[in-house]
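Chain by chain, the residues:
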Amino acid sequence: MKFATKAVHAGVEPDPTTGAIMTPIYQTSTYVQASPGKHKGYEYARTQNPTRNALQASIAALEDGKYGFCFSSGLAAIDTVIKMLNPNDEVVACNDLYGGTYRLFRRVFEKYGIKFHFVDMSDAENIRAYMNKNTKLVWIETPTNPLLNIIDIEAVAAITHQFGALLGVDNTFASPYLQLPLALGADIVMHSVTKYLSGHSDVVMGALITNRDDLAQQFAFLQNASGAVPAPQDCFLVLRGIKTLHLRMQAHCINGEKITQYLINHPKIGKVWHPSLPSHPNHAIAKKQMKGFGGMLSFTLKDDSVEMALQVLEKFQLFSLAESLGGVESLCGHPASMTHASIPKEEREKAGLKDSLIRLSIGIEDADDLIADLAQALA
Ligand code: P1T
């Protein structure tokens with residue numbers, strides 16, 4: 001089945017009791033049993049819920065995966081992956097990544113004896129120096145947040161597997177419409193469903209997808225044992241959002257490239273980070289592993305001061321100044337003080353994230369209106 005058909009249909013069956021074409025919101029905490037252990041496949045809603053099952057099947061299908069699991073946030077999904085590890089295990093992660101992921105690794109899991117290395121993976125070979133017999137997981141975002149670095153998934157998977165470790169790919173910025181990490185060798189795909197999958201800025205949710213039976217068993221165990229499950233109404237909203245994922249992503253990509261072109265030709269702009277640019281160091285890899293370049297971009301001004309960046313951010317009228325991304329409406333943000341404030345300044349700067357960086361999540365509005373807003377804010 002082609003992607004658009006899966007987005008509309010996968011995981012969703014007419015409701016067996018009424019024929020309702022849309023999966024109902026099964027707003028229940030428990031299920032009645034005929035006698036102890038004799039039930040219709042559902043015992044308790046932390047363990048299973050039909051609305052969640054439909055969504056999990058839909059997201060698994062979109063990623064060309066066998067199994068999908070949903071969690072109450074993207075971070076809860078990553079938390080589940082790290083909980084498979086043991087003290088003294090090591091993780092090699094990319095050095096540019098969402099601030100909350102960095103905080104989870106360093107401030108929550110390090111104290112349980114798990115060691116994290118943050119590595120520039122613009123060349124996949126860079127990870128070799130950090131791989132050893134204790135390395136159990138390589139964790140990447142591509143494109144990365146907020147610097148839009150592109151990591152060669154196939155190349156990283158090959159090295160990861162030589163060392164017997166697992167590769168997890170946070171596919172939030174690309175969405176499964178643009179990139180399918182399992183097909184490129186990843187063992188685990190993760191999403192902040194909050195973003196493109198949901199698409200309408202009204203849900204916080206996470207997901208894990210895998211083809212491996214052993215990992216699926218562990219995810220199911222941890223989903224139930226730790227209990228960070230999403231609510232049925234949120235699952236319904238994401239099922240609804242996914243039906244237009246392909247159309248939204250096409251619009252995000254078209255607008256993303258138009259805005260990039262506008263910015264690179266603007267006299268007040270210093271540097272633009274977007275994988276569509278031939279000058280992007282891994283443009284060729286983006287072309288190889290992605291179907292389009294996406295709607296996220298970052299830039300700095302020629303006047304590279306934080307004060308000027310903040311002034312521009314305050315001037316936007318159509319772009320809303322807010323954390324998050326991937327919704328139909330355009331957002332702007334200041335990573336250093338917002339989404340990435342939990343990464344120490346010296347770590348941010350080592351990864352190339354300046355305090356003057358502005359990040360845009362390009363929505364699906366008319367590009368002319370977005371450009372007019374940029375023009376007036378930059379003026
Ligand atoms: O917010 P939550 O659903 O828990 O997802 C965390 C997360 C994980 N991975 C990536 C790549 C992300 O971008 C995020 C969340 N990011 C933002 C809120 C943001 O504005 O960047």
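Residues numbered from 1 in each chain as written. Predicted model: local features only at pLDDT ≥ 70, side-chain atom pairs only at ≥ 80, totals over all residues. Heavy atoms only, no water.

Caption draft 1: Quick peek at the overall build of the chain. Along the chain, the regular secondary structure elements total 13 helices and 12 strands. Across its three principal directions, the C-alpha atoms of the chain cover 75 × 50 × 35 Å. Buried positions account for 55% of the 379 residues belonging to the chain. Taking all contacts inside the chain whose residues are at least 6 apart in sequence as the whole, residues at least 24 apart take part in 73%. Here the chain has roughly 15800 Å² of accessible surface; of this, 54% comes from carbon and sulfur atoms. (Helix = DSSP H or I, 4+ residues; strand = E, 2+ residues; numbered from the N terminus. Buried < 20%, exposed > 50% of the residue type's maximum accessible area, 1.4 Å probe, protein only. Contact = heavy atoms within 4.5 Å. Areas by Shrake-Rupley, 256 points an atom, 1.4 Å probe, with all protein chains shown as cover.)

Caption draft 2: Region of interest: the nonpolar core. Core analysis: the biggest nonpolar cluster contains 49 residues, and Ile82, Phe105, Met121, Val138, Trp139, Ile140 and Leu167 have the highest contact counts within it. At five residues, the largest contribution of residues to this core is made by helix α3 (residues 74-82). Residues contacting Met121, with those up to four places away along its chain left out, are Val92, Ala93, Cys94, Ile127, Val138, Trp139, Ile140 and Ile151. (Core = buried A, V, L, I, M, F, W, Y, C linked by side-chain atoms within 4.5 Å.)

Caption draft 3: Local environment of the site of the ligand. Around the ligand, 19 residues are found, and the nearest of them are Asp170, Thr194, Lys195, Ser324 and Arg359. In the environment of the ligand, an oxygen atom lies 2.9 Å from a nitrogen or oxygen atom belonging to the side chain of Asn145. Note that a nitrogen atom of the ligand is positioned 2.6 Å from one of the side-chain N or O atoms of Asp170. Burial of the ligand by the protein chains amounts to 93% of its free accessible area of 480 Å². At the level of elements, α3 and β6 (188-192) are the ones that each hand at least two residues to the shell around the ligand. Partitioning the shell around the ligand into residue classes produces six nonpolar, eight polar and five charged. Split by domain, the residues of the shell around the ligand number at least three in each of domain 1 (3-242) and domain 2 (245-378). (Near = heavy atom within 4 Å. Polar contact = N/O pair within 3.5 Å; in protein donor to acceptor, adjacent residues only side chain to side chain. Nonpolar A, V, L, I, M, F, W, Y, C, P; charged D, E, K, R; others polar. Domains from an automatic or database assignment.)

Caption draft 4: Quick peek at the pairing of strand β4 (residues 135-141). Judged by how many residues are buried, β4 sits mostly within the fold: six of seven residues are covered. With four bridges connecting them, strand β2 (residues 90-94) and β4 associate as parallel partners. Directly across from Val91, in β4, lies its bridge partner Leu137. Bridge count for β4 against strand β5 (residues 166-170) is five bridges, and the pairing is parallel. In the strand pairing of β5, Ile140 is matched with Val169. Taken together, β4, helix α5 (residues 153-162) and β5 constitute a β-α-β crossover, and its handedness is right-handed. (Pairing = 2+ DSSP bridges. Right-handed = clockwise from strand over helix to strand, strands pointing away.)

Caption draft 5: Seen up close, the pattern of salt bridges. One pass over the structure, following the stated rule, counts 14 salt bridges. Taking the shortest distance from any N to any O, the salt bridge between Asp79 and Lys83 comes out at 2.7 Å. For Asp79, a relative accessible area of 16% gives the class buried. Exposure remark for Lys83: the relative accessible area of 36% places this residue in the partly exposed category. The salt bridge involving Glu349 is made with Lys345; its shortest N-O contact spans 3.1 Å. Of this pair, Glu349 and Lys345 both sit in helix α12 (residues 345-350), four residues apart, roughly one helical turn. Several salt bridges converge on common partners, so that one network encompasses Lys345, Arg348, Glu349 and Asp355. (Salt bridge = Lys/Arg side-chain N within 4 Å of Asp/Glu carboxyl O.)

Caption draft 6: The arrangement of the domain arrangement of the chain in detail. Structurally, the chain comprises domain 1 (3-242) and domain 2 (245-378). With 43 residues of domain 1 at the interface, the matching set in domain 2 holds 42 residues. With both chains or domains summed, domain 1 and domain 2 bury close to 3500 Å², and 61% of this area falls on carbon and sulfur atoms. At the boundary of domain 1 and domain 2, one finds one salt bridge. We note a salt bridge from Lys288 to Asp152, for which the minimum N-O separation is 3.1 Å. For the pair domain 1 and domain 2, the number of links is 20 residue pairs in polar contact (both at pLDDT 80 or more). Of all the secondary-structure elements, those providing two or more residues to the side of domain 1 that touches domain 2 are α1 (3-9), α4 (99-109), α5, α6 (175-178) and α8 (232-242). Residues that form the side of domain 1 that touches domain 2 fall into these classes: 24 nonpolar, 15 polar and four charged. (Buried area = accessible area lost by both parts, 1.4 Å probe.)

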